[in-house]
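Structural features, examined
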Amino acid sequence: MDFVPYRHKVQYYETDGMRVVHHSNYIRFMEEARTDLLEQMGFSYSRLEAMGFGIPVLSVHCDYKQMSRFGETLVIGVEVTELSPTRMTVCYEIRDDATGSLRATGESKHCFLSSAGRPISLKREAPEAFEYFRLLLGAATTTEKTETAQPEA
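Residues numbered from 1 in each chain as written. Predicted model: local features only at pLDDT ≥ 70, side-chain atom pairs only at ≥ 80, totals over all residues. Heavy atoms only, no water.

Turning to the overall build of the chain, a few remarks are in order. Broken down by element type, the chain carries four helices and seven strands. In sequence order, the secondary structure elements of the chain are arranged as β-α-α-β-β-β-β-β-β-α-α. Here the chain, with 153 residues, has 40% of them falling under the buried criterion. Counted over contacts in the chain with a minimum sequence separation of 6, partners at least 24 positions apart contribute 66%. Here the chain has roughly 8500 Å² of accessible surface; of this, 50% comes from carbon and sulfur atoms. (Helix = DSSP H or I, 4+ residues; strand = E, 2+ residues; numbered from the N terminus. Buried < 20%, exposed > 50% of the residue type's maximum accessible area, 1.4 Å probe, protein only. Contact = heavy atoms within 4.5 Å. Areas by Shrake-Rupley, 256 points an atom, 1.4 Å probe, with all protein chains shown as cover.)

Let's shift gears to the environment of A50. Following the sequence through the fold, A50 ends up in helix α2 (residues 45-50). Given a relative accessible area of 70%, A50 falls into the exposed group.

Positive phi, close to 65°, is recorded for R19, a residue that is not glycine. Looking at the element boundaries, R19 is found in the loop between β1 (6-9) and α1 (24-41). Taking relative accessible area as the criterion, R19 reaches 45% and is therefore assigned partly exposed.

For T89, the location among the structural elements is in strand β5 (residues 87-96). Residue contacts for T89: discarding those within four places in its chain leaves E79, V80, T81, E82, E107, S108 and K109.

With that settled, the discussion passes to α1. Over its 18 residues, α1 runs 27 Å from end to end, which matches the ideal 26 Å to within 8%, given 1.5 Å per residue. Among the residues of α1, those classed as buried are N25, Y26, F29, M30, A33, R34, D36, L37, L38 and M41. G42, located one to two residues past α1, shows a positive phi value of around 90°. (Expected span 1.5 Å × (residues − 1).)

Next up on the list: the nonpolar core. Residues M41, F53, I76, M88, F112, L122 and F133 are the most contacted members of the largest nonpolar core, which totals 35 residues. Elements with a minimum of two residues in this core: α1, β4 (73-83), β5 and α4 (127-136). M41 has contacts with F3, Y132, F133 and L136, leaving out every residue within four places of it along the chain. (Core = buried A, V, L, I, M, F, W, Y, C linked by side-chain atoms within 4.5 Å.)

Strand order in the open sheet formed by five strands is β1-β4-β5-β6-β3, and the pairing between neighbours is antiparallel. Edge positions in the sheet fall to β1 and β3 (57-64), since each has one partner strand and no second. The average angle at which neighbouring strand axes cross in this sheet is 20°, direction not considered. Contacts between α1 and the sheet are confined to β1, β3, β4, β5 and β6 (102-111), with β3 contributing the most and set at about 120° to the helix. Contacts between α4 and the sheet are confined to β4 and β5, with β4 contributing the most and set at about 110° to the helix. (Pairing = 2+ DSSP bridges. Axes fitted to C-alpha atoms, helices over the stretch in contact; angles between N-to-C directions.)

Given below as structure tokens:
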């Protein structure tokens with residue numbers, strides 16, 4: 001599957017007094033990129049909710065490499081790196097669009113819940129959605145990566 005990388009132009013309100021992106025905004029950028037990937041897959045959050053489940057965040061992590069500043073455009077690569085019937089892990093790579101310099105890397109872990117807030121097996125409850133996520137596992141998504149991860153045995 002070919003996906004268009006997500007681009008985010010840094011807004012003034014996302015910066016601090018030195019016009020450097022505040023660290024908390026990188027988590028938002030990752031969420032925007034993940035949401036965009038789901039939409040490109042044909043499984044927007046609205047569609048998933050209409051199917052009766054959600055994908056809440058269990059944890060999120062970000063490693064900051066270089067500062068991003070007001071006016072820059074960031075390119076956020078997204079890759080599904082782990083998938084089970086009940087959970088998934090998504091990794092992110094944030095780069096400056098003009099220079100390609102690495103600004104941050106991150107990871108978010110998610111589970112699949114019913115609309116009632118109970119854990120579900122996505123493989124059993126929504127096999128079509130699970131298959132889409134499975135196809136993304138370790139495959140190059142919105143980045144130029146060529147390595148593929150192997151599913152757990």
